[in-house]
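Analysis of the macromolecular model
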Amino acid sequence: MYELIAFLRARLHEDERGALAASRGPWSSDGDEGEGGNTVAASSSGQSRAIAAHLARYAPVRVLHEIEAKRRILDELAGFVAEAEFLPVDEGNATKAMAVGVVRLLALPYADHAAYQEKWRP
């Protein structure tokens, strides 16, 4: 499980670097009543407008908040996960087993990464 946590921390670090390299915002899509900032342009198609709105919603500042939340979750669960690896699965260890499951779920969005191991898949 140590490898999984290290993998996840590395992906969060990569995400953070990408978000910090982008403008912090505020972000809006074409047609929004934004207060300046960055605008994600859209063509006249509905699909393009939906993409622009999605990109504006997941602006770098939001990504940075999500990264911080995930790091805090990892910090909270790391002790449980370390213990769970060496304990039998039984009712008394349910909390530790759940911690492992949560960490596996946090890593799932990175399943297409070359370093992701299938044994981590929930």
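The text that follows walks through the structure, step by step, so that each part is easy to find.

Conventions used here
- Residues numbered from 1 in each chain as written.
- Predicted model: local features only at pLDDT ≥ 70, side-chain atom pairs only at ≥ 80, totals over all residues.
- Heavy atoms only, no water.
- Salt bridge = Lys/Arg side-chain N within 4 Å of Asp/Glu carboxyl O.
- Helix = DSSP H or I, 4+ residues; strand = E, 2+ residues; numbered from the N terminus.
- Buried < 20%, exposed > 50% of the residue type's maximum accessible area, 1.4 Å probe, protein only.
- Expected span 1.5 Å × (residues − 1).
- Arc of directions from axis to C-beta.

Now for the pattern of salt bridges. A pair can form between side chains of opposite charge whenever their charged atoms are brought close. Under the definition given, this model contains 7 salt bridges. With its nearest N and O atoms 3.0 Å apart, the salt bridge here joins aspartate 75 to arginine 9. Linking aspartate 75 in helix α3 (residues 60-84) with arginine 9 in helix α1 (residues 2-21), this pair joins segments that are 66 residues apart in sequence. We classify aspartate 75 as partly exposed; its relative accessible area is 48%. A salt bridge links glutamate 118 to arginine 121, with the shortest nitrogen-to-oxygen separation between them at 2.8 Å.

Next up on the list: the environment of alanine 115. Tracing the sequence through the fold places alanine 115 in the segment after α4 (94-107). Residues alanine 115 and leucine 4, spaced 111 residues apart in sequence, show a C-alpha to C-alpha distance of 9.8 Å.

We now examine α1. Spanning 20 residues, α1 covers 29 Å between terminal C-alpha atoms, matching the ideal 28 Å at 1.5 Å per step. Here α1 has its buried residues at Leu4, Ile5, Phe7, Leu8, Arg11, Leu12 and Ala19. Viewed along the axis of α1, the buried residues span an arc of 160 degrees, placing them on a single side of the element. Away from its buried face, by an angle of more than 90 degrees, α1 presents the exposed residues Tyr2, Leu20 and Ala21.

The values reported here are purely geometric and, on their own, carry no functional implication.
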